[in-house]
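Structural overview for review
If you want the building blocks of each chain, they are given just below.
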Amino acid sequence: MRLHLGEFEEIVLLLVAVHYEDAYGLTIMNSIEEKLNRKVTLSSVHTALYRLEEKGFLSSEIGGATKARGGRRKRLFKITALGKEALEISRASRNMLWNMIPKISFDNL
Amino acid sequence: MKKGPPKLAEWFFTWYCNNHLQESILGDLEEQFYQNQEKYGGWQARLRYCFGVLLFINRFTLQRDTYSNRINHYSPGMIKNNLISSFRFFRKNKGFTFINIFGLSLGLSSFLLILFFINHELSFDRFLENSDQVYRINFAFQDNSGNVTTLVNSPPALAPGIRGKFSELDKITQLRYAMNCLLSYEDKHFYENQGYFADSLFLEVLPYELLSGDAQTALDQPNSIVLTEELALKYFNDPNPLGASIILNNEIPLTVTGILEDLPNNSHLDFNFLVSFASYEVPAGYASDLSSWGWLGFLTYASLKPNTDPERFETGLIQHFKMLDPNNPNPMRPIVQNVSDIYLGSTGINDDLASPIRSGNRFNVRALLLVSILILLIAGFNFSNLSHALAINRRKVIGIRKILGADRRSIFIQLLVESLVLALCCLLLALGITLFAFPYVAQLMAWDFSIKLAMVWEVIPILVMVGVLIGMVSSFYPAISLAQLDLMKAIKGISNDRKPRVQLKKVLLTLQFAIAIGLISATIIMGRQIHHLRNTDTGYQAAHVVLIEMLPTDMRRFFEVYKDQLVTDALVAQVSRSERVLGDPWPFSVIRKQGEDPAMNKRIFFNQADYDYFTTMDIPISMGRDFSKDYINDPSKAIILNQQAVEYLGLADPIGTQVHFFELDGPRTVIGVAEDFNYASLHEAIGPAAMILPFIDLEYMYVRFNPGNPVEQIAFLEDTWQSVAGDTPLEWRFLDANLKELYDTEKKMSMLIQAFSVLAILLACLGLLGMVTFMVNNRVKEVGVRKVLGASIPSLYTLFIKPYLFQTILAMLIMIPLVHYFLSNWLHNFAYHIQIPWWTYPISAGILIVIILITVSFQILSAAGSNPTSLLRQE
């Protein structure tokens, strides 16, 4: 099982976890634009979500409909145990590398 | 709430994205639209919406929501079910499945066997580390009549003469074939004829593996010898007798300075000892010496520096030889040949000394490859036809699957995989068959290599590729047609055969027949040619003649006495000797009539033959007389020509004409004309030839016995020898046995082709049997109805047989041009060949027809003969 995550995928995955029961395409996209100050398209977020689901990091189910959506239901995503593991591995490896940086490397920068 | 999102864009999205994702994506897009309306205003929101729709085109949105996409094909349950279903099918059709597997395995294994052989043939000399840079220098020259001869030999002055003179040249070395030598150590004496004199650089240019001793110095000192391990064990019983002493020709002590690993059997040079070149002395009576640039009696190998151009080297050499002989419009032309090309690339280039150089035949290799591919094709066609036919039986199963929701793709994949698995099983089986059969085949074909792991490794990828290809291709069509089955028809059991499919089977079958007919014809033709060779009158009699090979020095010492003793006995008819034995090519020289300019020199083959040679070999002298001791000038002044030579020189009245033969000699007189005889093998036409009495010590002696008991004759031969020569070993052979070996390659090829024809017929019949049984089973109702309507058994029989007969005739017609082309090519290898008889093709077709009839009649007759009611009851 490859638990490797691309950078964008990782962000999307984290945000799904952040948005707990409110994680779907639009909310994730808005969060990225607001919180991280990045311009992303709705389609790229959706694609990342489908990929993550294919890899087994997310599960999805059909959720509530609202008028703003023209009466259409939304697809809500939830993080799985595998997804959590992938995030933890990523975080642990970043931390390890950060800890390995000698002070002198960042001096004068 | 203001206007909704752009309808057009929305409609476009629903058009391309038609699956379960459509709803949620559209919902998101709409929600985003309203957000954008607040943020950016109306028309920007619309613009962004449209863009969004376009950007959403990807594999997720485009994929249809098929059942297949929604199920997991690779879940354990699914796979298990597929396997079970496949096994059930095999069990229900055990017979056909078995035939199928057997046929394909047989085809694959014969392919594999040939592949191993070809792999071996192509691997010659590549074990030498520097094989890319080592070249042999051959020579071609032309005589005044325009005949070009190419030899592998080179002059002795070449190697020492061009050292350091060419920038491309790294090292250069030469060999002289040691011919027949006697090696003795203590009480072991044996004649060895697989050795060379090699100069000090030989083991550096051609880095054969030395087990002990130093490659740089082993051949430096005169009187050194390097042996292979095999020879060392033979004489010394010690695999490493460095420093020991062994005697050459009862005269010269040699010191063992190195032990070579036994040469692998894919080396073109096949020697088992090397003596240092410094020990070589030109034997008495030879016209040239080691400083000659024209005496082609040596082998020269050169290693070039890396990244240099061998063609430039060759051009440089050509220039060099032009300069040596500026007045000759056709000087000797050196040809540089890479060592790994020697084995297969030397047809037409001979070794004037017939030293132990292995020589293969590229044409044979190609022909064998072709034949094995043909066999594979037959096996493949069988597999395909049978799978195809069997597919019909699965209609009901497939129908049910479709009802349960299987889509076309998964059915197709399942059938394909099943076929692949079957093919791979066949591969394994084929491998097993090959490994088992190999020793027998190798013995039959006199292949002197064995299958090593490395060879298997190289060959396996090809085999797997072929197997997979056959598996896939052959099942492709049936799988597709099954997958596209019309559901209702399948359940009802109605065939939905369309015309095109039936024709494919016919085409394949016809091709199979064609290949079988082709092989049968080839067998017939080759068989006849070999028969012809055996029975052609060669102009001499080889029966009852014993060939004895001995050292030239021994010949000088013992021949006269030995001959006298032999001839007086009633058992012996006549005894003589000559330089070349019948069957070996003759060397050549130049000849012209006396008084003509040397520019008129013509090439002529010649042999040195002693008194009584013509009577011993039973060659009639049609004009003049034989050599005779009554004329003391015969050795230096007499020459006998053959019929061809007389015509070649245009001698109206040959007896008494003076000719110049061998530039150095004085003129000779033609004293007799011999009838043409085949001095070489029947591969070559008889050329103009001359015979003179010997001027060097000879090696070959002939004893013609009167017809009688061979055991008694040989005993007499050996006893007499012992009384003359003490315990010097005697090496004798029957001449006709020797001659038979000349056609070995052809005989082997013929045998192989024969075996393949049998295989081809077997496979074709196997396939045919399967298909006919099949077809008969399926048409059972038709037979029943016909019988009810009054058809007789013979008419039914004809009905079923006719298509096959037609196909056979068609196949024969296809094969005629092909067989003619290939076999004519092969036949032209021989100067004496048969014409392809016109009846070959009809007879081959006839044989095939007979076999087909036998195969097929039983099935057809049993169906035709059964009670119509039982046929019609079948459901």
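Residues numbered from 1 in each chain as written. Chains lettered and ligands numbered in written order. Predicted model: local features only at pLDDT ≥ 70, side-chain atom pairs only at ≥ 80, totals over all residues. Heavy atoms only, no water.

**Remarks on a nonpolar patch on the surface**
Residues and elements named next belong to chain B. Together, Trp43, Leu47, Phe51, Leu54, Leu55, Ile57 and Leu62 make up a nonpolar patch on the protein surface, roughly 740 Å² of accessible area in all. The element contributing the most residues to the nonpolar patch is helix α3 (residues 42-55), with 5 residues. By the secondary structure assignment, Leu47 is in helix α3. Classification of Leu47 as partly exposed rests on a relative accessible area of 44%. (Patch = residues over 30% accessible without salt bridge, like charges linked within 9 Å, V, L, I, M, F, W, Y side chains within 5 Å. Areas by Shrake-Rupley, 256 points an atom, 1.4 Å probe, with all protein chains shown as cover. Salt bridge = Lys/Arg side-chain N within 4 Å of Asp/Glu carboxyl O. Helix = DSSP H or I, 4+ residues; strand = E, 2+ residues; numbered from the N terminus. Buried < 20%, exposed > 50% of the residue type's maximum accessible area, 1.4 Å probe, protein only.)

**A closer look at the packing of aromatic side chains**
All names here are of chain B. If you walk through the whole model with that rule in mind, you get 40 aromatic pairs over all chains. Each ring, one from Phe13 and one from Phe56, has its centre 6.2 Å from the other, and the planes form 80 degrees; the classification is edge-to-face. Residue Phe13 is located in helix α1 (residues 7-16), and its partner Phe56 is located in the loop between α3 and α4 (59-62); the two are separated by 43 residues in the primary sequence. Assessed through its relative accessible area of 0%, Phe13 is described here as buried. A relative accessible area of 1% places Phe56 in the buried class. An angle of 80 degrees between the planes, with centres 5.7 Å apart, marks the rings of Trp293 and Phe321 as edge-to-face. Remark: Phe321 occurs in helix α11 (residues 310-324) and Trp293 occurs in the loop between β11 (273-276) and β12 (299-304); sequence separation between them is 28 residues. (Phe/Tyr/Trp six-rings, centres within 6.5 Å; stacked < 30°, edge-to-face > 60°.)

**Describing the interface of chain A and chain B**
With 22 residues of chain A at the interface, the matching set in chain B holds 22 residues. Buried area between chain A and chain B, both sides added, is near 2,000 Å², and the carbon and sulfur share of it is 51%. A per-residue breakdown of the area chain A buries against chain B is headed by Leu26, Tyr50 and Arg72 of chain A, which together make up 30% of the total. Our enumeration of links across chain A and chain B arrives at 4 salt bridges. One salt bridge in this structure joins Arg73 of chain A and Glu23 of chain B, with 2.9 Å as the shortest N-O distance. For the pair chain A and chain B, the number of links is 11 residue pairs in polar contact (both at pLDDT 80 or more). Of all elements in the fold, only α2 (25-35), α3 (42-55) and β2 (73-79) of chain A reach the threshold of two or more residues within the side of chain A that touches chain B. (Contact = heavy atoms within 4.5 Å. Buried area = accessible area lost by both parts, 1.4 Å probe. Polar contact = N/O pair within 3.5 Å; in protein donor to acceptor, adjacent residues only side chain to side chain.)

**Thoughts on the confidence of the model for chain B**
Summarising the model, chain B shows a mean pLDDT of 83, and 95% of its residues fall at 70 or more. With a pTM of 0.71, the predicted complex shows an ipTM of 0.88. (pLDDT = per-residue confidence, 0-100.)

**Structural notes on the nonpolar core**
Counting 94 residues, the largest nonpolar core has Leu108, Ile375, Leu519, Phe756, Leu763, Leu768 and Leu823 of chain B as the members making the most contacts within it. Beyond its immediate stretch of four places on either side in the chain, Leu108 of chain B contacts Leu376, Cys426, Leu427, Ala430, Leu463 and Val466 of chain B. (Core = buried A, V, L, I, M, F, W, Y, C linked by side-chain atoms within 4.5 Å.)

**As for the environment of Ser475 of chain B**
Relative to the helices and strands, Ser475 of chain B resides in helix α16 (residues 453-483). A relative accessible area of 5% places Ser475 of chain B in the buried class.

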